[in-house]
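Residues per chain are reported as follows:
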Amino acid sequence: MTSGTMEWSRAAVKLLQGPVYSDGDRKTWNLILRFKNDLDKYFAVIGLHVVLEEDDGYAFLQQIKDAIEKGMEYEDDDLDTIPRLIRKAPLSYSISMLLVLLRQEILRFSASFDESDYPIIRKSDIIGFVQSYTKEYSDQTKFLDDIDKMIRQLISLTYLKPKTPLLSSDIPDDFEFEISPIIKNKVDVDFMNEMLLKMKTINRKIEENELLGEKIK
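About the thresholds
- Residues numbered from 1 in each chain as written.
- Predicted model: local features only at pLDDT ≥ 70, side-chain atom pairs only at ≥ 80, totals over all residues.
- Heavy atoms only, no water.
- Pairing = 2+ DSSP bridges.
- Helix = DSSP H or I, 4+ residues; strand = E, 2+ residues; numbered from the N terminus.
- Salt bridge = Lys/Arg side-chain N within 4 Å of Asp/Glu carboxyl O.
- Buried < 20%, exposed > 50% of the residue type's maximum accessible area, 1.4 Å probe, protein only.
- Core = buried A, V, L, I, M, F, W, Y, C linked by side-chain atoms within 4.5 Å.
- Contact = heavy atoms within 4.5 Å.
- Axes fitted to C-alpha atoms, helices over the stretch in contact; angles between N-to-C directions.
- Arc of directions from axis to C-beta.
- Phe/Tyr/Trp six-rings, centres within 6.5 Å; stacked < 30°, edge-to-face > 60°.

Enquirer: Mind showing me how you'd approach the pairing of strand S6 (residues 176-179) here?
Expert: For a regular strand, side chains alternate in direction, first toward one face of the sheet and then toward the other. Here strand S4 (residues 120-122) runs beside S6; their pairing, made up of 3 bridges, is antiparallel. Paired with Ile120 across the two strands is Glu178, which belongs to S6. Relative to S6, strand S5 (residues 160-162) runs antiparallel, the two sharing 3 bridges. Within S6, the position partnered with Lys161 by the bridge is Glu178.

Below, the structure is given as structure tokens:
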């Protein structure tokens, strides 16, 4: 080990790169479990802390200020002087909608007696989710392209995990994904209910406009 390198340095770098999953990088996961306190002290210097959900098997870095908003207790009052390292990237309405629908799927899975680790869905399921809250697309090809783009964005955010490597630019309808439990942390119940209400309102307005259009004809 070189001068200045800690036993948990690998874990620190991996966390800076993104979420770490117990079933994806066991070596790093074990380091996080073993050195959680050391990692928290290290990252606190730059205003971050380690969110560790051992039962669900994931860990990621969160801005301490964001964690305090969710109820975490913290004694240092100088957080406002630290620039934000993890920026809140705004998600499109479509991605937010799909995240909420996936969060609902996790709730249904948790209430079931399924013995698998994570809920499994197909692309065809995702198409059904989105279609239930959007108007009909006149251009079906564009609709399916948009679905693929949303899926790939959620894969890049680690919210969806392909069961097998994606070997084509076109995602088959029967292709399977694991829904990552990290969505439970990213989409809380309040946000989910708020989005569902918004989605239902938008859907109702679309239906009313379509009905009005039919009457005008």
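Enquirer: Help me out: how do you make sense of the pattern of salt bridges in this one?
Expert: A pair can form between side chains of opposite charge whenever their charged atoms are brought close. Throughout the structure, instances matching the rule amount to 11 salt bridges. The closest approach of N and O atoms between Arg10 and Asp25, which form a salt bridge, is 3.4 Å. Pair noted here: Arg10 is in helix H1 (residues 9-17) and Asp25 is in the loop between strand S1 (20-21) and helix H2 (26-34), with a separation of 15 residues, a long-range link. Relative accessible area serves as the criterion here: at 18%, Asp25 is assigned to the buried category. In this structure, the salt-bridge partner of Arg122 is Glu176, at a minimum N-O distance of 3.4 Å.

Enquirer: Any chance you could explain the nonpolar core here in plain terms?
Expert: Ranked by size, the top nonpolar core spans 36 residues in total, and within it Leu102, Ile126 and Leu160 carry the most contacts. Mapped onto this core, the elements with two or more residues apiece are strand S3 (58-63), helix H5 (93-111), helix H6 (123-131), helix H7 (140-156), S6, helix H8 (182-186) and helix H9 (189-216). Examining the composition of this core, we find that 8 residues originate from one element, H5, more than from any other. Not counting chain neighbours up to four residues away, the residues in contact with Leu102 comprise Ile121, Phe129, Leu154, Leu160, Ile179 and Ile183. Ranked by size, the runner-up nonpolar core spans 15 residues in total, among them Ala11, Val20, Phe35 and Val50.

Enquirer: Would you explain the sheet that holds S3 in this entry?
Expert: Hydrogen bonds along the backbone pair up the strands of a sheet, which may run parallel or antiparallel. Spatially, S1-S3-S2 is the arrangement adopted by the 3 strands of the open sheet, whose pairing is antiparallel. Bordering the open sheet on either side are S1 and strand S2 (48-53), each of which pairs with just one other strand. For S1 and S3, the ladder comprises 2 bridges, and the chain directions are antiparallel. Paired with Val20 across the bridge in S3 is Ala59. Each of S1, S2 and S3 touches H1; the most contacted strand, S3, lies at about 70° to it.

Enquirer: Would you take a moment to explain H1 for this structure?
Expert: Spacing of three or four residues puts side chains on the same side of an α-helix, whose turn is 3.6 residues. By the burial criterion, the buried members of H1 are Ala11, Ala12 and Leu15. Relative to the axis of H1, the buried residues are bounded by an arc of 100° and lie together on one face. Tucked into the core, H1 has its buried residues touching S1, H2, helix H3 (36-44), S2 and S3. The positive-phi residue at the C-terminal boundary of H1 is Gly18, with phi of around 150°.

Enquirer: Sorry, what's going on with H3 here?
Expert: For H3, the set of buried residues is Lys36, Leu39, Asp40 and Phe43. Around the axis of H3, the buried residues are gathered within 100° of arc, so they sit on the same side. Every exposed residue of H3 that faces more than 90 degrees away from the buried side is listed here: Asn37 and Lys41. Looking at the buried positions of H3, the neighbouring elements they touch are H1, H2, S2 and S3.

Enquirer: Please explain the packing of aromatic side chains as it appears in this structure.
Expert: Two aromatic rings are characterised by how far apart their centres lie and by the angle between their planes. Taken as a whole, this structure holds 4 aromatic pairs when the rule is applied. Pairing Tyr42 with Phe43 gives two aromatic rings, centres 5.1 Å apart and planes at 70°, and the pair type is edge-to-face. Assessed through its relative accessible area of 42%, Tyr42 is described here as partly exposed. Accessibility expressed as a relative area gives 0% for Phe43, which makes it buried. The structure contains a cluster of three or more aromatic residues connected by ring pairs, namely Trp8, Tyr42 and Phe43.

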